[in-house]
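# Close look at the chain arrangement
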Amino acid sequence: MVILGIDPGLAHTGWGIIETRGATCRTRAYGCIASDTSLDLARRLGRIYDEVSRVIVAYAPSELAIEKVFFGKNTRSAIATAHARGAAIVACAEAGLQMGEYTPMQIKQAVVGTGSADKRQVIFMVRTILSLDHDPRPDHCADALAAAVCHANLTTTQRVARNVASVAVFEAEQAQRDQARKRASEETAAATAAAVALRSAGPQARPAVSRARQSRRSTQ
């Protein structure tokens, strides 16, 4: 599976491509899209859209992992980030990528093991998990790779959970089928035994059986 991770930002949008094979994740490429502050908003968003589209064409990812926007005290900055995020998502949607979106805390938890990890810890773990011989720079690239790793880990966990659930359902259905076969076998054996007993009793037992049947019919 090839995953495109994106850390959105109007001034700098980090991107990273990783490929997963089993439990192994490896980096294929990463970079940062910078937009000139002298340009108007439409042109800056257009550049993000164009560059993300070029990355998709070059590396053919099938999945997108993108960071959610956190609206803190700096609402103006969050809105600018949301614009950049939207431009990147449109490019990915047009290419048919499946999207997973995660909070910064979710990404840190998946990559480092704690949602309160700092930037240095994230960079170190990204470098370790992806077997890089250097720190991915700038930081936006490390964050994008971290989002991709988070997506890979959670996707694998969800797939394993679905497989376990499928096995449990199959085993329950198999147990029900076995019980039904056992009951049918027991009923067949009982009927056969009754027929054999009736034949063994001889003709003298048949009138008694016949009278018992007539008695049941008369009482009904």
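From a predicted model like this one, the values you see are computed outputs, not experimental measurements. (Residues numbered from 1 in each chain as written. Predicted model: local features only at pLDDT ≥ 70, side-chain atom pairs only at ≥ 80, totals over all residues. Heavy atoms only, no water.)

A few words now on the pairing of strand S2 (residues 12-21). With 7 of 10 residues buried, S2 is to be regarded as a mostly interior element. With 6 bridges connecting them, strand S1 (residues 2-7) and S2 associate as antiparallel partners. Counted as the bridge partner of Ile-6 is Trp-15 from S2. Counting the residues that bridge the hairpin from S1 to S2 gives 4 residues. (Buried < 20%, exposed > 50% of the residue type's maximum accessible area, 1.4 Å probe, protein only. Helix = DSSP H or I, 4+ residues; strand = E, 2+ residues; numbered from the N terminus. Pairing = 2+ DSSP bridges.)

Attention now goes to the sheet that holds S1. Taken together, the 5 strands give an open sheet; going across it, the order is S3-S2-S1-S4-S5, and neighbouring strands pair in mixed fashion. Across the chains shown, the open sheet's two edge strands, defined by having one partner strand only, are strand S3 (24-34) and strand S5 (98-102). The sheet shows a mean angle of 20 degrees between the axes of neighbouring strands, direction not considered. In this sheet, strand S4 (residues 63-67) lies alongside S1 in parallel orientation, the contact comprising 4 bridges. Along S4, the bridge assignment pairs Ile-6 with Ile-66. Running at roughly 150 degrees to S3, helix H1 (residues 41-59) makes contact with S1, S2 and S3 of the sheet. (Axes fitted to C-alpha atoms, helices over the stretch in contact; angles between N-to-C directions. Contact = heavy atoms within 4.5 Å.)

This next bit is on the packing of aromatic side chains. When we look at a pair of aromatic rings, we describe it by the centre distance and by the angle of the planes. Taken as a whole and judged by the stated rule, the model has 1 aromatic pair. Aromatic pair Trp-15 and Tyr-59: ring centres 6.1 Å apart, planes at 40 degrees, arrangement tilted. A residue pair is termed long-range when its members are at least 10 positions apart, and Trp-15 in strand S2 and Tyr-59 in helix H1 qualify at 44 residues. (Phe/Tyr/Trp six-rings, centres within 6.5 Å; stacked < 30°, edge-to-face > 60°.)

With that settled, consider the pattern of salt bridges. As enumerated under the stated definition, the model contains 9 salt bridges in all. Salt-bridge contacts for Arg-120 lead to Asp-118; the nearest nitrogen and oxygen are separated by 3.6 Å. By relative accessible area, which is 67% here, Arg-120 ends up exposed. Asp-135 is the partner of Arg-127 in a salt bridge, and the nearest nitrogen-oxygen pair spans 3.1 Å. On the basis of relative accessibility, which here comes to 31%, the residue Asp-135 falls in the partly exposed class. (Salt bridge = Lys/Arg side-chain N within 4 Å of Asp/Glu carboxyl O.)

Following the UniProt record, the feature "active site" (unreviewed entry) maps to Asp-7, Glu-67 and His-140 here. Annotated residues spanning 134 residues; largest pairwise C-alpha distance 11.2 Å, indicating a single compact cluster. Of the annotated set, the members that line the largest pocket are Asp-7 and Glu-67. Counting through the fold element by element, Asp-7 comes out in strand S1. Look at Asp-7 and you get buried, because its relative accessible area is 7%. Other than its neighbours up to four places away in sequence, Asp-7 contacts His-12, Thr-13, Gly-14, Glu-67, His-140, Asp-143 and Ala-144. Look at Glu-67 and you get buried, because its relative accessible area is 18%. (UniProt positions renumbered as here; feature names shortened; annotations may be inferred. 1 Å grid on protein atoms, 1.4 Å probe; cavity = no way out; pocket = protein on both sides within 12 Å on 5 of 7 lines; lining within 4 Å.)

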